[in-house]
Amino acid sequence: MEKLARRAWAEPFKIKVVEPLHMTTPEHREKALREAGHNTFLLRSKDVYIDLLTDSGTNAMSDNQWAGMMLGDEAYAGSENYYHLEETVRKYYGYEYLVPTHQGRGAENLISQILIKPGDFVPGNMYFTTTRLHQELAGGTFVDVIIDEAHDSESLFPFKGNIDLEKLAALIARVGSQKIPYVTVAATVNMAGGQPISLQNLRDVRELTLHHGIKVVLDATRAIENAYFIRERESGQSEKSIAEILLEICSYSDACTMSGKKDLLVNIGGFLALNDWDTFEKARNLVVVYEGLHTYGGLAGRDLEAMARGIVEAVQLDHIRARIGQVEYVGERLLSIGVPIVLPIGGHAVFLDAKRFLPHLKQLEFPAQTLAAELYLESGVRAMERGIVSAGRNQETGEHMFPKLELVRLTFPRRVYTQAHCDVVTEAVEAVHDRRHSIRGLKMVYEPKYLRFFQSRFEPV
């Protein structure tokens, strides 16, 4: 019997409310970019046509989530929406205790302040900007223990988010387990290109850390996307539901930090979830100092409700398949026209390899920052630098840190853009690629003390 041709595919939703977009002129974009110091973070949203800066808080909520917003219990203490979120987190993530926060970095701050002492070392599978900063502000030193394949944009290894057990064991032997309060495990790994960690690696990390009495703290921000990759790529997982795999991922950790603005389809919100009562007691006391009472954590009741409902929607296979499928569509189109990207294609974004895209630029000419600026000039598409600017400076020497990866992140908000928008983006990248040899780099003319990629300013060299 002859096999039928693959049938057309469509998003598993229909559009109910629209927001107008406006294309600007090249002259307008040139002026806007100059005023923003060639930093896409400093552009005004009204000057952006298609916004791929981030998937954080930029998602489209469902009718069910909006309906839940009308059920917000805005009591200062003991909101019913808190208890609904607590129940939902316990069911889908498996943690016993919940401390809501305004977003993920609020949870990062709490766990860092509680567990890290000055002089401690915190190993993890590649740094993330805000996570590392909170660890450093608490007196710790981040140590990268990700596998070497993660630093190679052309490697096709399916789980480039994996922790290198030999690197982790060597660190424990060198500094002692008493100097390692926890291992931070990201699922997926943003700075490596949205790359997942495998269940087997999580099991192995858990076994090693239990042997040495070291906690594991999961960055669960995109753990649902990681669960999808496990289902697709890891042996013996294809028949499991996303919810089942998510629960197993979390079972190999003691706590998690969560930015609900990603996986959970909301515009604001996060939480710290834990299994240990003593740590929870400290967290719910400290959250009152930084965020708000332990039953609202800086959020309105309606935001807690939207997040609870978002969890249920996010683990649906149709949703996550469509979400990652959109990213894969753009990545595959770019590959077909010869644009260098990080492989395998990640979960939340396509990452352009700026070193291979602009090989004539030195790293101190900020190739990724340059490429993001040029893409905006070309098309009004806003993307994000993930390279030397994001890496920052060495705390001890003050010198630039030189990451092996110099990337531009095309980050797709969930349920926001259509395939037509995706085609516009790929054509814009292709146009910049066609004139890549004429592109000049940038120099940094202003640099803030912390998280410089948000506010630094640049000029053409």
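What counts, and where the lines are drawn
Residues numbered from 1 in each chain as written. Predicted model: local features only at pLDDT ≥ 70, side-chain atom pairs only at ≥ 80, totals over all residues. Heavy atoms only, no water. Salt bridge = Lys/Arg side-chain N within 4 Å of Asp/Glu carboxyl O. Buried < 20%, exposed > 50% of the residue type's maximum accessible area, 1.4 Å probe, protein only. Domains from an automatic or database assignment. Contact = heavy atoms within 4.5 Å. Buried area = accessible area lost by both parts, 1.4 Å probe. Core = buried A, V, L, I, M, F, W, Y, C linked by side-chain atoms within 4.5 Å. Pairing = 2+ DSSP bridges. Helix = DSSP H or I, 4+ residues; strand = E, 2+ residues; numbered from the N terminus. Axes fitted to C-alpha atoms, helices over the stretch in contact; angles between N-to-C directions. Phe/Tyr/Trp six-rings, centres within 6.5 Å; stacked < 30°, edge-to-face > 60°. Parallel < 35°, antiparallel > 145°, perpendicular 65-115°, else oblique. Left-handed = near helix turned anticlockwise from the far one by under 90°. Expected span 1.5 Å × (residues − 1). 1 Å grid on protein atoms, 1.4 Å probe; cavity = no way out; pocket = protein on both sides within 12 Å on 5 of 7 lines; lining within 4 Å. Points joined across faces, edges and corners; volume = space filled by probe spheres on them. Polar contact = N/O pair within 3.5 Å; in protein donor to acceptor, adjacent residues only side chain to side chain. Patch = residues over 30% accessible without salt bridge, like charges linked within 9 Å, V, L, I, M, F, W, Y side chains within 5 Å. Areas by Shrake-Rupley, 256 points an atom, 1.4 Å probe, with all protein chains shown as cover.

Draft legend 1. Representation of the pattern of salt bridges in the model. Counted according to the given criterion, the structure contains 30 salt bridges. We note a salt bridge from Glu248 to Lys240, for which the minimum N-O separation is 3.3 Å. The exposure class assigned to Glu248 is buried, which follows from its relative accessible area of 15%. In this structure, a network of salt bridges that share partners links the residues Asp55, Arg222, Glu225, Asp263, Arg323 and Arg414.

Draft legend 2. How the structure looks around the domain arrangement of the protein. According to the domain assignment, the protein contains domain 1 (6-55 + 317-460) and domain 2 (63-314). Computed from C-alpha coordinates alone, the two centres of domain 1 and domain 2 are separated by 25 Å. The interface of domain 1 with domain 2 comprises 35 residues on the first partner and 41 residues on the second. At the boundary of domain 1 with domain 2, total buried surface from both sides reaches about 3100 Å², with 58% on carbon and sulfur atoms. Put simply, domain 1 and domain 2 have seven salt bridges between them.

Draft legend 3. Focus on the nonpolar core. Grouped together as the largest cluster of nonpolar side chains are 60 residues, with contacts concentrated most on Tyr93, Leu218, Ile224 and Phe271. Sequence-distant contacts of Ile224, that is, excluding residues within four places in its chain, are made with Tyr93, Ile242, Leu246, Asp263, Leu264, Ala314, Val315 and Ile320. In terms of nonpolar packing, the next biggest core, distinct from the first, is built from 31 residues, Ile341, Leu371, Leu375 and Tyr417 among them.

Draft legend 4. Fine view of the sheet that holds strand E12 (residues 407-411). Overall, antiparallel pairing links the three strands, which are arranged E9-E12-E11 in an open sheet. Of all the strands in the sheet, just strand E9 (349-353) and strand E11 (384-386) have a single pairing partner and so form its edges. If you compare each strand with its neighbour and ignore which way they point, the axes differ by 35 degrees on average. Of the strand pairs in this sheet, E9 and E12 are connected by five bridges, and their pairing is antiparallel. Residue pairing in the sheet places Phe351 in a bridge with Arg409 of E12.

Draft legend 5. Quick look at the packing of aromatic side chains. Scanning the model with the defined rule gives eleven aromatic pairs in all. Both rings, one in Phe41 and one in Phe454, keep their centres 5.0 Å apart while their planes meet at 85 degrees; by these two values the pair is edge-to-face. Taken together, the positions of Phe41 in the loop between helix H1 (26-35) and strand E1 (50-51) and Phe454 in the loop between strand E13 (442-446) and strand E14 (457-460) put the pair 413 residues apart, joining distant regions of the chain. Residue Phe454 is classed as partly exposed on the basis of its relative accessible area, which comes to 25%. Ring geometry for Tyr97 and Phe280: centres 4.8 Å apart, planes at 15 degrees, overall stacked. Of this pair, Tyr97 sits in strand E2 (residues 97-101) while Phe280 is found in helix H10 (residues 277-290), placing the two residues 183 residues apart along the sequence. The exposure class of Phe280 is buried, given its relative accessible area of 5%.

Draft legend 6. Structural view of the packing of helix H6 (residues 165-175) against helix H7 (residues 199-212). H7 packs onto H6 with a crossing angle of 10 degrees between their chain directions and a minimal axis gap of 11 Å. Our classification of the angle between H6 and H7 gives roughly parallel. Both H6 and H7 take part in a crossing whose hand is right-handed. Each of Leu165, Leu168, Ala169 and Ile172 in H6 lies in contact with H7, whose residues at this interface are Asp204, Val205, Leu208 and His212.

Draft legend 7. View of helix H14 (residues 367-379). Look at H14: 18 Å from first C-alpha to last across 13 residues, which is about the 18 Å you get at 1.5 Å a residue. Burial of H14 is extensive: eleven of the 13 residues sit out of reach of the surface. Every buried residue belonging to H14 is among Pro367, Ala368, Gln369, Thr370, Leu371, Ala372, Ala373, Glu374, Leu375, Tyr376 and Ser379, and all of these are buried. Immediately beyond the C-terminal end of H14, within one or two residues, lies Gly380, with a positive phi of roughly 80 degrees.

Draft legend 8. Focus on the environment of Ala187. Positionally, Ala187 belongs in the loop between strand E5 (182-186) and H7. The spatial distance from the C-alpha of Ala187 to the C-alpha of Ser155 is 19 Å, given a sequence separation of 32 residues. The contact partners of Ala187, leaving out residues within four places of it in the chain, are Ile197, Leu218, Asp219, Ala220, Arg222, Ala223 and Asn226.

Draft legend 9. Seen up close, the layout of surface pockets. Size it by volume and the largest pocket reaches roughly 1400 Å³. Lining the largest pocket are 40 residues; nearest its centre among them are Val17, Asn59, Ala60, Arg415 and Val416. Among the elements of the structure, helix H2 (63-69) and helix H12 (317-336) are those that each provide at least two residues to the lining of the largest pocket. For the lining of the largest pocket, the element with the highest residue contribution is H12, accounting for five residues.

Draft legend 10. Representation of helix H8 (residues 223-233). Taken across its eleven residues, H8 has nine buried, putting it largely inside the fold. Within H8, the full set of buried residues consists of Ala223, Ile224, Glu225, Asn226, Ala227, Tyr228, Phe229, Ile230 and Arg231. Packing partners of the buried residues in H8 comprise H7, helix H9 (242-251), helix H11 (301-314) and H12.

Draft legend 11. Layout of the environment of His102. With respect to the helices, strands and loops of the structure, His102 is situated in the loop between E2 and helix H4 (104-115). Along the primary structure His102 and Ala368 are separated by 266 residues, whereas in three dimensions their C-alpha atoms are 30 Å apart. For His102, the contacting residues outside a window of four places in its chain are Ile268, Gly269, Gly270, Glu291, Gly297, Gly298 and Leu299. A distance of 2.6 Å separates a polar atom in the side chain of His102 from a polar atom in the side chain of Glu291.

Draft legend 12. Just a nonpolar patch on the surface, in detail. A contiguous nonpolar surface patch, about 320 Å² in accessible area, is contributed by Phe13, Ile15 and Val18. One can find Phe13 in the segment before H1.

Draft legend 13. Looking closely at the pairing of strand E7 (residues 255-259). Within E7, five of the five residues are buried, leaving the element largely enclosed by the surrounding structure. The alternating pattern of E7 places Ala255, Thr257 and Ser259 and Cys256 and Met258 on opposite faces, both of which are buried. By the bridge criterion, three bridges tie strand E6 (residues 215-219) to E7 in an arrangement that is parallel. When the sheet's bridge partners are listed, Val217 is paired in E7 with Ala255. Bridge count between E7 and strand E8 (residues 270-274): five bridges; the pairing is antiparallel. Across the sheet, residue Ser259 finds its bridge partner in E8, namely Gly270.

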